[in-house]
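Secondary and tertiary structure notes
In case you want the letters, here they are:
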Amino acid sequence: MSASTRILILGALLDGPMNGYGVRRRLEVMGTDQWANVAFGSIYHGLSKMADEGLLAVVEAGRGGKVVYELTEQGREEFHRMLLTAWHEVRPIVDPFQVAVTFMDRLDKQELLQALYSRMQQLRMSVEILGHAMGAKQRFGAPQHIDENLRLNRSMVQAQLDWVEKAVERVEADELP
């Protein structure tokens, strides 16, 4: 389980006990599947693992396997430590697209242009969707500052779109690859 997923699960439980479905819903409302690459299926495993580590306590084991968890003091401390680390530590953004860019010379010009045009269309759509999503998450219970994640994500997508548009011009002018 990634450090980001751990922070998100622990953070979702800051306001009180919840079962796995409740944690998942809270993370879905915040749109974490879009900007944090959370595999929602890993939430249940993560809850169990963090309970084994003493970060969470089981407060209710209901019928049908519904287990309600709450943060322990150790869990609150771990959340705080990990949160501060995430704020202060600059890490590279891992994007498979950069791997593809590394080998762009292995595609012929038409394949590369098709791929770039396809990516450009998807990026434009993403920029538009993210713009519409800002402010909308609050209707479903997300805190207002969640829009900052959307703004950051939109800026990163826009930066990639800007690069792709320039790359298309350079490929068409036989300057790349």
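See above for the structure.
Keep in mind that what you see is a predicted model, and the values were worked out from it rather than measured. (Residues numbered from 1 in each chain as written. Predicted model: local features only at pLDDT ≥ 70, side-chain atom pairs only at ≥ 80, totals over all residues. Heavy atoms only, no water.)

1. Quick notes on the overall build of the protein chain
A count of helical and extended segments in the protein chain gives eight helices and three strands. The secondary structure elements of the protein chain, listed N-terminal to C-terminal, are α-β-α-α-α-β-β-α-α-α-α. Overall, the C-alpha framework of the protein chain stretches about 65 × 35 × 35 Å when taken along its three principal axes. Within the protein chain, the proportion of its 177 residues that are buried is 34%. Taking contacts inside the protein chain between residues at least 6 apart in sequence as the whole, the part at least 24 apart equals 61%. Put simply, the protein chain shows about 11400 Å² of open surface, and 52% of that area lies on carbon and sulfur atoms. Charged side chains of the protein chain number 20 positive and 24 negative; the gap between the two group centres comes to 5 Å. (Helix = DSSP H or I, 4+ residues; strand = E, 2+ residues; numbered from the N terminus. Buried < 20%, exposed > 50% of the residue type's maximum accessible area, 1.4 Å probe, protein only. Contact = heavy atoms within 4.5 Å. Areas by Shrake-Rupley, 256 points an atom, 1.4 Å probe, with all protein chains shown as cover. Lys, Arg positive; Asp, Glu negative; His and termini not counted. Charge placed at Lys NZ, Arg CZ, Asp CG, Glu CD.)

2. Comments concerning the packing of aromatic side chains
For any two aromatic rings, the description comes down to two numbers: the centre-to-centre distance and the angle of the planes. Enumeration according to the criterion identifies one aromatic pair in this entry. Centre to centre, the rings of Phe-97 and Trp-163 are 5.9 Å apart; their planes meet at 80°, and the pair counts as edge-to-face. Taken together, the residues Phe-97 in helix α6 (residues 96-102) and Trp-163 in helix α8 (residues 146-172) connect sequence positions 66 residues apart. The ring of Phe-97 carries Arg-119 above its face, with NZ or CZ at 3.6 Å from the centroid. (Phe/Tyr/Trp six-rings, centres within 6.5 Å; stacked < 30°, edge-to-face > 60°. Lys NZ or Arg CZ within 6 Å of the ring centre and 35° of its normal.)

3. A short note on the side chain of Arg-6
Along the chain, Arg-6 turns up in helix α1 (residues 3-12). Those residues in contact with Arg-6 that sit more than four places away from it in its chain are Met-1, Met-50, Glu-53, Leu-55, Glu-78 and Met-82.

4. Considering the packing of α1 against helix α4 (residues 42-52)
Two elements in contact, α1 and α4, have axes separated by 10 Å at closest approach and are oriented at 75°. As summarised for this structure, α1 and α4 are arranged roughly perpendicular, according to the angle between their axes. Contact residues: α1 offers Thr-5, Arg-6, Ile-9 and Leu-10, while α4 offers Ser-42, Ile-43, Gly-46, Leu-47 and Met-50. Class assignment for the residues of the contact of α1 with α4 results in five nonpolar, three polar and one charged. (Axes fitted to C-alpha atoms, helices over the stretch in contact; angles between N-to-C directions. Parallel < 35°, antiparallel > 145°, perpendicular 65-115°, else oblique. Nonpolar A, V, L, I, M, F, W, Y, C, P; charged D, E, K, R; others polar.)

5. Side note on the sheet that holds strand β3 (residues 67-71)
Spatially, β1-β3-β2 is the arrangement adopted by the three strands of the open sheet, whose pairing is antiparallel. The strands lining the two open edges of the sheet, one partner per strand, are β1 (18-19) and β2 (56-61). In this sheet, β3 lies alongside β1 in antiparallel orientation, the contact comprising two bridges. Counterpart to Asn-19 in the pairing with β3 is Val-68. (Pairing = 2+ DSSP bridges.)

6. So, the nonpolar core
With 25 residues, the main nonpolar core has Leu-13, Val-23, Leu-27, Ile-43, Leu-47 and Leu-56 as its most contacted residues. Mapped onto this core, the elements with two or more residues apiece are α1, α2 (20-29), α4, β3 and α5 (73-88). No other element matches the five residues that α1 contributes to this core. Setting aside its immediate chain neighbours within four residues, Leu-47 contacts Ile-9, Leu-13, Gly-20, Val-23, Leu-56 and Tyr-69. Core analysis: the second largest hydrophobic core is formed by 18 residues, Phe-97, Ala-133, Leu-150 and Leu-161 among them. (Core = buried A, V, L, I, M, F, W, Y, C linked by side-chain atoms within 4.5 Å.)

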